[in-house]
Amino acid sequence: MATLSPRDRDAGYAEIEQRRSASHESFLAHRAYFWARVAGFASLFVIITYLLVDVEPRHNGGSWYGYTLGTIGAGLIVWLAWLGIRKRRPTPGSWSLKAWTSAHVYLGLSLVIVGTLHTGFQLGWNVHTLAWVLMMLVIISGAYGITVYASLPQRLSENRREMTREQMIESLATIDKQLEAAAQPLTREDADMVIAALEQDVFASGIRARFAGAGRSDATRRALEHISTGRAYDDDPDDLAQRKVRALLGKRAAQIDQIRRQMQTKALLEIWLYIHVPLTIALLAALTAHIVSVFYYW
Amino acid sequence: MSHILLEKTDHLSDTIFKYQKGKHVMATPSNLVLRSDLDFDAGKRETILDTWDRQIAEGQVNVRTNADVTAIAGSTGAFTLSLKDGSVIEAEAVVLAIGTQGNPNLLKLPGADLPHVQYQLDDPTEYVDEHITVIGSGDAGIENALGLAADEAQGNVVTILNRRADFARAKGANVKLLEEAEADGRIFVRRETSPIEVREGEIVLETRDGQETIPCHRIIARTGSQPPRAFIEQCGVEFASADRAAFPKLTPSFETTQPGIHVIGALAGYPLIKHCMNQGYDVIEFLDGNTELKPADEPILAEKFADLPGRRTVDEWLETFRSQVIILQELSPLQMRELMLDSTVHAYGRDEVIFSRNEPGSSMFAIAEGSVLVEVDPSDRSVTVPIGTGSIFGEVGLISGRKRGSTIRAAESTVAVEFSRLAALKLLATAPSANRAVNRISIERQVLQIFGSGLTPEDIAELVEAAEVVKVPAGEVVIEEGADDKDIYIVRVGSMVVEKDLGGKPVFLSYLPAGSYFGEMAVIDGSKRSASVRAAIKSEVIRFPGEAFNALLDAKPDIRDRALTDMAARREINDFVESRKASFGGAVDMYSQTAQFLVDNGLGEATDVLLIDEKLCVGCDNCEKACADSHDGLSRLDREAGRTYAHLHVPTSCRHCEHPHCMADCPPNAIRRGPDGEVVIDETCIGCGNCQRNCPYGVIRMDAKPPTKPGLLNWLLFGAGPGPGEASYAWRKNKAAEAGETAKLAIKCDMCSGIEGGPACVRACPTGAAIRVSPERFLSVARLEEGVD
Ligand SMILES: Cc1cc2nc3c(=O)[nH]c(=O)nc-3n(C[C@H](O)[C@H](O)[C@H](O)COP(=O)(O)OP(=O)(O)OC[C@H]3O[C@@H](n4cnc5c(N)ncnc54)[C@H](O)[C@@H]3O)c2cc1C
Ligand code: HEM
Ligand code: SF4
Ligand code: SF4
């Protein structure tokens, strides 16, 4: 720094500020939709040239035009897949994953045009079409991805009500402990219902459980129904104990619902990546097969 | 030498004895040689204490434990020390090395001297099947109570007493745990209850509903402790000032103002163990007549001064600084040495830039030789104001915690001392005249800085003379809307929010960081106050009487023009918000409440905060993973934890406060501001945990650096290692067991200092939910426009 003039040093600090603060803009709107515009113009350009360029006998992947689109498409696919690495490598440098995702989404969508026009609509039952189908599936899953990325975060935030995952689980454990103590004075039958509720593994893992969401009937709700249906609200000591248990069971059901809703929303936000990524790997394999076979049979 | 070592407890080195078991003790500063005959090197607490006990026995030190000194009378050559057990000891000289722990506040009630009353809890698992009463509602009391009740198998019945209805003095997290334990029935919490008598097996309580007696086998009293200052003053020793942070006045041989009594160690202001041990050695050498002995820090100072021109000795330089620099003139040679250890010295050539405008920095400079020029006009380098030998500069950065206001360069060959923020604050706390001088200069300079060029110190002398520094607690109103007082203010420390009452609700108008002025409208046009201004956080303002300011405006039309332009801009913002309120009331309320929420969560004292827009956050935790992977495998950010309002989430992550609370009490001064303004903890951290306790936002964690993980490709292809992000606790523990444990040190966000590209959390967020903001830019009406469109 010492060699810089003071004026440059001033500017330097302003630049540090600039670099540090990411602007408050979503990945879709990043840089005023810069990548949307790039991808849009590129697609438009490809469509127009496709219509204008006259390839004999008809458009196909093997013409000079087809090769050009194919090379661009393959390059794009490899670059799009590289996001998986980029995301996990916090190396120095002034990249931002938001910019990458923004470009990924829009350039990925433009592949619909580039890839499809590359085929010249010559599809059939072969490895070439397999690559195209896989590509389209990856793109479709990506499109699902951005819809959930745009719509679900708010739900996640509202459901969380400032609680962390650990706090939700702790809170459930606390309620359980209180329930255990409160159920002591109950009749045998009632106590058994509470114990059944406590013993049930509410988060029995498995994909179905993760997607099931809130409000499901389970041992807690059954116990709640059992203890509350048709009971008189007398002020005898028996009823006081029941009321306490009832309140706690209600709290427990609400807590379980919150956790389930959280798991469900998270699952919806993640599930598509379990399609997007394996299909990407399959696509890369099919793409390789496609390219090798094209050159082999040349 | 005939001697006796008196120790209050039944073991030596009580502070270290009380460290948690197995703590890794650090031996900083590493460039200081150990003089003491006892060995000391970084290592486990147990090893160090065992070594010392063995060597003390071998060296035949005459130790008397359980000897609590309660008074020292007499004078040099003939002191009498009274012990608590009534015995008396005579001595020619006394060395006080009693540390800063002080004595716990004792219970003052009948029966308080019964043996089951204790003031410390070393091991909560020690007690079973007892009725235990904890007295005290601070963190220590709550933590003890929780510890005793943690394991139900111990069968303890734990009661905690609180004189008041709420636990206002304790941390939120502790109170929450306590309330949970209460709801579970594990701890009995008695509010508005005080003990009145202790008896064998029971305790009598005074409650709101009268007296009550409960069974009680053990009482743990945690009602704070008394610093040792009062005891030392009773021995006739004077302190440097009335400030709480002040230390006793000492000569270079550690002698106090009471001849014959010496003070060393933490009590003398040197909390690091190595310093303590060296001073123990030095003081005995001095008493033994070895006056030639140079202090152990001599080589460190010599190295510091080596690059200065003129080949002067350390003592000569110290004397130069002390005699030349006005604010150092009252200091003793020992204080000078201590100050210089935490400071740096520089020699600048003519025209060399010392710091530039907008550079972060909170140190203060003093000119020992030469002079400097302040570039007061950002657009014209040649407009300067000189500052001469003996004076100071940079004090505004120190006081306000904000970036440098102007560029300063050397006018000639100049030697300057740069006091670190901590050294400077200590100096101001201990030397009252330095404090007054700095205050006056800083007020004058702040006025000059705000009202710009064309003013000379003479022009504003009257204004500065009439100025008054006022401390404002958080939330207190400085200016009330509708009032017709006529003072004008400058925010010196902290920040303010400006609010206007619209339709019965306070609406947020703007945020005023330190260095801004307010209240000028009423002064200039004589109107009533058009908005309220209150402190966002604990702040200080400088108040100038309106007439004095008006007189200045009359004398300087330029200044009036500037003030009018500023005023028009502020009016415009107010009008804008007001007009929006009429048409988009909901949006304005939301904007106001969001601003208030952010101020409540520390934005008011922050310089740079991480926020998460929960309308965009998909919960992938890539921010945390990137943080861990760019910082030794440990994340400094807890995304989920923290408060949220209107989908704006403030995660648990450092705010890089203007005046970092964490810096307050760090023995090795390991916390400083980095080159870009970030608050960082450096490698000299000794893991004492003070900063963790002092940070109000809970962002510091104490953890050991885990061994490195296998690389990303290894994980992707072969599933080796735990993958990206912070490894699980179990993995780290296992690996650490193989690789050898490392010390648990304080870690926190360093804003990715030194990493090109800036903070990894923000760069790694795929959706743009994570943003870093500074309060001035984020708490502006621009957000309102954004929100409404
Ligand atoms: C948790 C923690 C971790 C730390 N870690 C480190 C570290 O890793 N490295 C490091 O260098 N520093 C560390 N420090 C700082 C360091 O431990 C202390 O600053 C240092 O021990 C102070 O030494 P001292 O001799 O001045 O006082 P102390 O160690 O406090 O010794 C004073 C002794 O005097 C006794 N005493 C007090 N009053 C009387 C009386 N009236 N009559 C008789 N005896 C009396 C006390 O019982 C005590 O034994 C840490 C501090 C803490 C709190
Ligand atoms: C052939 C085209 C595509 C390929 C090969 C591809 C590949 C990938 C890969 C490898 C990832 C990384 C996932 C992970 O590691 O977690 C990813 C993420 C993603 N993709 Fe695609 N993708 C393609 C097209 C698209 C399209 C068209 C869209 C949107 C319309 C899209 C949206 C996304 C999104 C939103 C992410 C998640 C980013 C994140 O959360 O980090 N992708 N894609
Ligand atoms: S660690 Fe805490 S006190 Fe220190 S700067 Fe960060 S937020 Fe402020
Ligand atoms: S950084 Fe924190 S833990 Fe480390 S020495 Fe300083 S105060 Fe203690």
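Computed from a predicted structure; not experimentally measured.

Our focus in this paragraph is the site of ligand 1. All names here are of chain B. The immediate surroundings of ligand 1 are formed by 26 residues, with E7, T15, Y19, A266 and P271 found nearest. One of the side-chain N or O atoms of T15 is found 2.4 Å from an oxygen atom in ligand 1. The contact in question runs from a nitrogen atom of ligand 1 to an N or O atom on the backbone of V69, over 3.0 Å. Burial of ligand 1 by the surrounding chains reaches 85%, relative to a free accessible area of 1,000 Å². Only α1 (14-17) and α6 (273-287) provide two or more residues apiece to the shell around ligand 1. Among the elements that make up the shell around ligand 1, the one with the highest residue count is α1 (3 residues). For the shell around ligand 1, a count of residues per class yields 16 nonpolar, 5 polar and 5 charged.

The domain boundaries assigned to chain B delineate domain 1 (5-102 + 227-287), domain 2 (117-226), domain 3 (306-432), domain 4 (462-580) and domain 5 (598-786). Distance between the C-alpha centres of domain 2 of chain B and domain 5 of chain B: 35 Å.

Another point: the nonpolar core. Counting 36 residues, the largest nonpolar core has B:F305, B:F321, B:I327, B:L328, B:M340, B:M364 and B:F419 as the members making the most contacts within it. Of all the elements in the fold, those that place two or more residues in this core are α7 (298-305), α8 (314-324), α9 (333-341), β22 (364-369), α10 (395-400), β27 (414-419), α11 (421-430) and α12 (432-451) of chain B. Setting aside chain neighbours within four positions, we find B:M340 in contact with B:L301, B:K304, B:F305, B:L318, B:F321, B:V345 and B:V417. Of all hydrophobic cores here, the second largest spans 35 residues; its members include A:Y50, A:Y106, A:L111 and A:M135.

On to the site of ligand 3. The full set close to ligand 3 counts 13 residues, and B:C654, B:C657, B:C662, B:C695 and B:K748 are the nearest of them. Here the shell around ligand 3 is composed, by residue class, of 9 nonpolar, 2 polar and 2 charged.

What follows concerns the side chain of A:N60. All names here are of chain A. Relative to the helices and strands, N60 resides in the loop between α2 (30-52) and α3 (64-81). What makes N60 buried here is its relative accessible area of 19%. In terms of polar contacts, N60 uses its side chain to reach the backbone amide nitrogen of S63, at 3.1 Å. Leave out the neighbours within four places in its chain, and N60 touches G66, H118, T119, G120 and Q122.

All names here are of chain B. Enumeration over the complete set of coordinates arrives at 56 salt bridges over all chains. For R337, the salt bridge identified is with E298, shortest N-O distance 2.9 Å. Here R337, found in helix α9, pairs with E298, found in helix α7; they are 39 residues apart in sequence, far enough to count as distant. Note on R337: relative accessible area 8%, which makes it buried. Taken together, the shared-partner salt bridges connect K294, D297, E298, D315 and R337 into one network.

All names here are of chain A. Residues F41, L44, I48 and L52 make up a contiguous nonpolar surface patch of roughly 470 Å² in combined accessible area. Position of F41 relative to the elements: it lies in helix α2. Among the residues examined, F41 registers a relative accessible area of 60% and is labelled exposed.

Our next topic: the sheet that holds strand β5 (residues 69-75) of chain B. Pairing between the strands of a sheet comes from backbone hydrogen bonds, and it takes one of two forms, parallel or antiparallel. Residues and elements named next belong to chain B. Pairing in this open sheet of 3 strands is antiparallel, and the strands run β5-β6-β7 from one edge to the other. Looking at which strands have only one partner, the edges of the open sheet turn out to be β5 and β7 (88-91). Sheet twist, expressed as the average angle between the axes of neighbouring strands with direction ignored, equals 20°. Of the pairings in the sheet, the one linking strand β6 (residues 78-83) to β7 comprises 4 bridges and is antiparallel in character. Looking across to β7, one finds that L81 is bridged to I89.

About the criteria used
Residues numbered from 1 in each chain as written. Chains lettered and ligands numbered in written order. Predicted model: local features only at pLDDT ≥ 70, side-chain atom pairs only at ≥ 80, totals over all residues. Heavy atoms only, no water. Near = heavy atom within 4 Å. Polar contact = N/O pair within 3.5 Å; in protein donor to acceptor, adjacent residues only side chain to side chain. Areas by Shrake-Rupley, 256 points an atom, 1.4 Å probe, with all protein chains shown as cover. Helix = DSSP H or I, 4+ residues; strand = E, 2+ residues; numbered from the N terminus. Nonpolar A, V, L, I, M, F, W, Y, C, P; charged D, E, K, R; others polar. Domains from an automatic or database assignment. Core = buried A, V, L, I, M, F, W, Y, C linked by side-chain atoms within 4.5 Å. Buried < 20%, exposed > 50% of the residue type's maximum accessible area, 1.4 Å probe, protein only. Contact = heavy atoms within 4.5 Å. Salt bridge = Lys/Arg side-chain N within 4 Å of Asp/Glu carboxyl O. Patch = residues over 30% accessible without salt bridge, like charges linked within 9 Å, V, L, I, M, F, W, Y side chains within 5 Å. Pairing = 2+ DSSP bridges. Axes fitted to C-alpha atoms, helices over the stretch in contact; angles between N-to-C directions.

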